[in-house]
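Here's the letter readout for the chains.
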Amino acid sequence: MVRRIEVTGAGGVRLAAWEFSDPPKSGGGLEEPERRPGVLLLHGLMGRASHWAGTARRLSARHRPVALDQRGHGRSEKPAVGPYDREAYVDDAIAAIEQLGLAPVALVGHAMGALTAWQLASRRPDLVSALVICDMRASALGAASQREWTEWFRSWPMPFATLADVRKWFGEDDPTLERPRPARGEYFAEVMAERADGWRPVFSRRQMLTARETWVHDAHWEELAQVSCPTLVVRGLDAELGRAEAQEMVRVLPRGAYAEIPDAGHLLPWEQPDDWYAAIEPFLHAATVRGGPHTGTVPTGRAGSTG
């Protein structure tokens with residue numbers, strides 16, 4: 001079952017959340033979604049809650065997974081003047097946790113969503129039971145990175161005539177790609193909507209740059225060191241987060257663990273969904289269902305790991 005829930009975020013911004021759980025069964029106990037450990041899934045920049053459908057449905061056997069459309073994304077409100085700063089995103093996630101009764105919650109974040117997750121965990125440890133960081137760097141990316149993103153947005157051949165064109169450009173023709181990545185094409189098809197002149201993103205590229213500007217120039221190691229809950233850092237072998245930095249993040253984290261997935265890039269949960277699930281599910285089960293600590297290296301079946 002998928003259920004849409006309205007959440008009121010910081011400053012009254014309307015947010016859409018999506019709960020992926022079976023209906024409550026008679027007899028009580030852990031069969032009821034409200035009694036299962038909560039998991040809040042936070043997408044990255046340009047993402048949307050529906051991207052997490054596959055992960056959430058698989059987690060729903062033991063957890064109560066909820067995915068949030070963050071401000072400026074998906075079905076959530078896109079205020080013209082923002083704010084789109086770090087505080088707003090963190091406050092929105094806190095509002096979702098509190099209004100949906102998810103605490104203590106496990107946070108699963110991809111890219112920008114992972115940064116939001118660990119900033120929340122460092123600020124409000126009382127709300128968070130565990131944390132999964134997927135391909136997000138703690139180091140500053142710098143002004144050059146922001147300029148590259150600006151040029152990349154300008155290169156999009158908008159509007160796209162068909163969804164097939166969307167899939168082909170983002171999965172094959174994008175000049176920033178080193179090799180074809182079909183999962184990337186599917187990922188971007190999910191964030192397009194048909195307009196009178198063709199297919200365009202459901203987000204504003206200007207607002208995306210504004211949101212990114214608020215964190216790209218800063219390092220986030222200090223906040224990472226303040227995360228007290230069990231934390232899993234997951235990277236793909238070809239992802240943006242390098243192995244050395246990922247392992248340094250694990251060292252800085254008081255209760256850090258590490259998993260590495262081969263044959264995967266930045267969009268590793270969608271490129272290798274089985275290996276991704278094999279990495280995060282045992283960790284979340286140990287940290288939330290059983291309540292035990294989890295540190296070191298996570299064995300992930302086919303997914304390779306090093307500690």
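Residues numbered from 1 in each chain as written. Predicted model: local features only at pLDDT ≥ 70, side-chain atom pairs only at ≥ 80, totals over all residues. Heavy atoms only, no water.

Undergrad: Teacher, can you tell me more about the overall build of the protein chain here?
TA: Within the protein chain one finds 11 helices and 11 strands. Looking at the protein chain residue by residue over its 307 residues, the buried ones come to 56%. Taking the intrachain contacts of the protein chain between residues at least 6 apart in sequence as the baseline, contacts between residues at least 24 apart amount to 71%. Accessible surface, the protein chain as shown: approximately 12,500 Å² in total, 50% of it carbon and sulfur. (Helix = DSSP H or I, 4+ residues; strand = E, 2+ residues; numbered from the N terminus. Buried < 20%, exposed > 50% of the residue type's maximum accessible area, 1.4 Å probe, protein only. Contact = heavy atoms within 4.5 Å. Areas by Shrake-Rupley, 256 points an atom, 1.4 Å probe, with all protein chains shown as cover.)

Undergrad: Please clarify how helix 6 (residues 182-189) should be interpreted in this entry.
TA: A turn of α-helix holds 3.6 residues, and therefore any two residues three or four places apart point the same way. Three or more residues of helix 6 are buried, namely Arg184, Gly185, Tyr187, Phe188 and Ala189. In the core, the buried residues of helix 6 are packed alongside strand 5 (105-110), helix 4 (143-154), helix 5 (163-173), strand 7 (192-195) and helix 10 (268-271).

Undergrad: How should I be thinking about unusual backbone geometry in this particular structure?
TA: Peptide bonds are, in most cases, trans, and in most cases residues other than glycine have a negative phi. Omega for the peptide link from Ala103 to Pro104 comes to -10°, which places this bond in the cis form. For Pro104, the position within the fold is in the loop between helix 2 (86-99) and strand 5. Even without being a glycine, Asp263 presents a positive backbone phi close to 55°. Residue position: Asp263 is located in the loop between strand 10 (256-261) and helix 10.

Undergrad: I'm lost on helix 2 in this one. Help?
TA: With 14 residues, helix 2 extends 20 Å between its outermost C-alpha atoms, agreeing within 8% with the 20 Å of an ideal straight helix rising 1.5 Å per residue. Within helix 2, 10 of the 14 residues are buried, which leaves it mostly tucked inside the rest of the structure. Buried residues of helix 2: Arg86, Ala88, Tyr89, Val90, Asp92, Ala93, Ile94, Ala95, Ala96 and Ile97, and no others. In the stretch just after helix 2, Gly101 is the one whose phi turns positive, near 65°. (Expected span 1.5 Å × (residues − 1).)

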